[in-house]
Amino acid sequence: MKDALERDDGNDRDMLAAEYVLGVLEPSQRQFANRLIAQEPEFSRLVEAWGNHLAQLDGEFLEKRPPEHLKTAIEDRLFATTSPAARRSGVSSFWRPLALVTTALLLLLGGLYAYDMSRLIPVAGDRLVATLSSDGNEFSAVVLIDAGSRELLVTPVKAEIAEDRDLELWLIRDGAAPAPIGLVATGAPSRLPISPEAARQILDGDTFALSIEPKGGSPTGQPTGPVVAAGKVKKI
Amino acid sequence: MTTLTAKNADKAKGRETGLESQSEEQDVELAGLMARLALRDRSAFSKLYDVAAPKLFGVCLRMLKDRQLAEDALQEVFVKIWRNAGGYRPSSQGSQAQGGMAWLVAIARNHSIDILRSRVSRGAGSHDPIDEVAELPSPGPNPEQAAISASTGRRIDNCMEELPEGRADAIRAAYVEGYSYDELAARHGVPLNTMRTWLRRGLAALRDCLER
């Protein structure tokens, strides 16, 4: 079986990808396919294509509300900062509310302080999001900035462009020329570095826009290609 | 988001149904939530759970056919989602976009399949999952759900209809119920190799039809 699977035959690979997505493989074959996904981009593309095909059957799965306690259990598991031993002894259930109150107070104080400094500077913990879309809906992306962080996350939802072009992100404020932020990948989320000063200047109501530019970005420092998606920044 | 809604509504006019754009809109929401998950945003996780948990619990329940196993699986699935949110690629060059919900369902299906296969390989597969199906509440799809199912699955449904009947059933049962080749062969009363040949021919025909 293994020999047959390892034969580098395009159709065999495609069938293996289909069987993998379908889920009918035995554990050893499944492991083999998992290794191929990690090692061979071509195989991983086949798996993705079959995933897209067969996802059309997802409508067969009917929604069923899980029991309420599950959400708490998952969030406890992911976000609890105490050790499992402390959790078992019940220590955390006593301290956790206190810790939460303390954290909230600190955040509030920090917030008031920052607010006092300048009404324009977002307080620590602020998060700004912009949903970029186009008229025809061919392009869309989500931009997210954390006030404290030095990067901005751009997740393209739909963004197919010619191979000899790049997508460039711009910040546009009323009355000012667009400021270039960086180049954005089309197939995966991009993290663009941003200085804390620049991050502070991004405000509720500003606009982010994506334009199609020559490879490497606009040669002029201003958008030269068509602006394909834009959206306003909102504080969340 | 309001402009998006208006756009989707416009777009829907040109289509037979607006349901597809509804799921597109949900995918845009999910993509936004996953982008925030990648930045370790807990409130986004909470929202994502509220949006996606019923569907993913439906997946685990249908495939594992055991409430406790499904609850445990759902926990693991959301832990994976939290850890892998940065790996979500809404679209990639040369392939069609993968919707956010489809990506999440794939994680839930993969996890359920891993559980099913490891259970069989440990020799605990002797209990007949079919008995447990009867114990599960199995609400028939209400008209709305049936419409959604019909809308999102239309292209594949047409292609499935072109296949010999048993093959379409086998593909659907493998995808939705998580049956292995062994289980499919037993259910159809044919040898394992025959089942494999059937299914592969069915898949190849399905691919040709879908890519036509």
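Quick summary incoming for the structure in this document. Bear in mind the structure is a predicted one, so any value in this text is a computation, not a measurement.

Describing the overall build of chain B
And then number 1: Of regular secondary structure, chain B possesses 11 helices and 0 strands.
And then number 2: Moving toward the C terminus, one meets the helices and strands of chain B in the order α-α-α-α-α-α-α-α-α-α-α.
And then number 3: Taking all 212 residues of chain B together, the buried fraction comes to 49%.
And then number 4: Sequence-distant contacts, at least 24 apart, represent 61% of the contacts inside chain B between residues at least 6 apart.
And then number 5: Looking at chain B as shown, the accessible area adds up to about 9,800 Å², and 50% of this sits on carbon and sulfur atoms.

Re the packing of helix α2 (residues 10-22) of chain A against helix α11 (residues 192-210) of chain B
And then number 1: It is the contact of α2 of chain A with α11 of chain B, at a shortest axis distance of 10 Å, that shows an interaxial angle of 100°. By the angle class used here, α2 of chain A and α11 of chain B are roughly perpendicular. Counted together, N11, D14, M15, A18, E19 and L22 of chain A of α2 of chain A and R196, L199, R200, L203, A204 and R207 of chain B of α11 of chain B form the full contact between these two elements.
And then number 2: In terms of residue class, the contact of α2 of chain A with α11 of chain B is built from 6 nonpolar, 1 polar and 5 charged.

Here we look at the interface of chain A and chain B
And then number 1: With 67 residues of chain A in contact, the opposing surface of chain B contributes 85 residues.
And then number 2: Taking both sides of the interface into account, the surface hidden between chain A and chain B amounts to around 7,200 Å²; carbon and sulfur atoms contribute 57%.
And then number 3: Along the contact surface separating chain A from chain B lie 6 salt bridges.
And then number 4: If you look at where chain A meets chain B, you find 21 residue pairs in polar contact (both at pLDDT 80 or more).
And then number 5: Elements supplying a minimum of two residues to the side of chain A that touches chain B: α2, α3 (27-39), α4 (41-54), α5 (68-79), β1 (127-133), β2 (140-146) and β3 (151-158) of chain A.
And then number 6: Of the residues forming the side of chain A that touches chain B, the biggest block, 9 residues, is contributed by α5 of chain A.
And then number 7: Across the side of chain A that touches chain B, the residue classes break down as 32 nonpolar, 14 polar and 21 charged.

Some thoughts on the nonpolar core
And then number 1: Among the nonpolar cores identified, the biggest contains 94 residues, and L54 of chain A together with L56, F78, L104 and L199 of chain B are the most heavily contacted of them.
And then number 2: Considering each element in turn, this core owes the most residues, 13 residues, to helix α3 (residues 42-64) of chain B.
And then number 3: What L104 of chain B contacts, discounting residues up to four positions off in sequence, is L30, M34, L48, A52, L56 and I81 of chain B.
And then number 4: Membership of the second largest hydrophobic core comes to 25 residues, among which are I145, L167, L169 and V233 of chain A.

Considering the sheet that holds β3 of chain A
All names here are of chain A.
And then number 1: An order of β5-β4-β7-β8-β1-β2-β3-β6 is seen for the 8 strands of this open sheet, with the pairing classed as antiparallel. Unpaired on one side and paired on the other, β5 (179-184) and β6 (190-193) mark the two borders of the sheet. Between one strand and the next, the sheet's axes are offset by a mean angle of 25°, whatever the strand orientation.
And then number 2: Relative to strand β7 (residues 207-214), strand β4 (residues 165-172) is paired through 8 bridges, and the arrangement is antiparallel. Looking across to β7, one finds that L167 is bridged to I212.

Digging into the state of the cysteines
All names here are of chain B.
And then number 1: Scanning the entire structure with this criterion turns up 1 disulfide over all chains.
And then number 2: Here C159 is linked by a disulfide to C209, with a sulfur-sulfur distance of 2.0 Å. Disulfide C159-C209: torsion about the S-S bond near -75°, hence left-handed. A residue pair is termed long-range when its members are at least 10 positions apart, and C159 in helix α8 (residues 154-162) and C209 in helix α11 qualify at 50 residues. The pair formed by C159 and C209 is uniform in burial state, with each residue classed as buried.

Digging into helix α4 (residues 67-84) of chain B
Residue and element names in this part refer to chain B.
And then number 1: For α4, built from 18 residues, the straight-helix expectation of 26 Å at 1.5 Å per residue is met to within 8% by its first-to-last C-alpha distance of 25 Å.
And then number 2: Taken together, the buried positions of α4 are occupied by A70, E71, A73, L74, Q75, V77, F78, V79, I81 and W82.
And then number 3: Where α4 begins, one side-chain oxygen reaches toward the backbone nitrogen of Q68, 3.0 Å away; that side chain belongs to D66.

Side note on the pattern of salt bridges
And then number 1: Inspection of the entire model under this criterion finds 18 salt bridges over all chains.
And then number 2: Ionic pairing is found between E162 of chain B and R212 of chain B, a salt bridge with its closest N-O pair at 3.0 Å. Of this pair, E162 of chain B sits in helix α8 while R212 of chain B sits in the segment after α11, placing them 50 residues apart in sequence. Accessibility classification places E162 of chain B together with R212 of chain B in one group, the exposed group.
And then number 3: What emerges from the salt-bridge pattern is a single network uniting D14 of chain A together with R207 and D208 of chain B.

Description of the packing of aromatic side chains
And then number 1: Taken as a whole and assessed by the stated rule, the structure comprises 6 aromatic pairs over all chains.
And then number 2: Look at F79 of chain A and F45 of chain B: their rings are 5.7 Å apart centre to centre, the planes differ by 90°, and that puts the pair in the edge-to-face class. Pair noted here: F79 of chain A is in helix α5 and F45 of chain B is in helix α3, and the two residues belong to different chains. With respect to class, F79 of chain A is no different from F45 of chain B; both count as buried.
And then number 3: Ring plane angle 85° and centroid distance 5.6 Å describe the contact between F45 of chain B and W82 of chain B, whose orientation is recorded as edge-to-face. Here the residue F45 of chain B occupies a position in helix α3, and W82 of chain B occupies one in helix α4, the gap between them amounting to 37 residues.
And then number 4: For the cation-ring pair, R109 of chain B lies above Y175 of chain B, with the distance from its terminal atom to the ring centre recorded as 3.7 Å.
And then number 5: The side chain of R196 of chain B reaches across the aromatic face of Y181 of chain B, ending 5.1 Å from its centre.

What counts and what doesn't
- Residues numbered from 1 in each chain as written.
- Chains lettered and ligands numbered in written order.
- Predicted model: local features only at pLDDT ≥ 70, side-chain atom pairs only at ≥ 80, totals over all residues.
- Heavy atoms only, no water.
- Helix = DSSP H or I, 4+ residues; strand = E, 2+ residues; numbered from the N terminus.
- Buried < 20%, exposed > 50% of the residue type's maximum accessible area, 1.4 Å probe, protein only.
- Contact = heavy atoms within 4.5 Å.
- Areas by Shrake-Rupley, 256 points an atom, 1.4 Å probe, with all protein chains shown as cover.
- Axes fitted to C-alpha atoms, helices over the stretch in contact; angles between N-to-C directions.
- Parallel < 35°, antiparallel > 145°, perpendicular 65-115°, else oblique.
- Nonpolar A, V, L, I, M, F, W, Y, C, P; charged D, E, K, R; others polar.
- Buried area = accessible area lost by both parts, 1.4 Å probe.
- Salt bridge = Lys/Arg side-chain N within 4 Å of Asp/Glu carboxyl O.
- Polar contact = N/O pair within 3.5 Å; in protein donor to acceptor, adjacent residues only side chain to side chain.
- Core = buried A, V, L, I, M, F, W, Y, C linked by side-chain atoms within 4.5 Å.
- Pairing = 2+ DSSP bridges.
- Disulfide = S-S within 2.5 Å.
- Expected span 1.5 Å × (residues − 1).
- Phe/Tyr/Trp six-rings, centres within 6.5 Å; stacked < 30°, edge-to-face > 60°.
- Lys NZ or Arg CZ within 6 Å of the ring centre and 35° of its normal.

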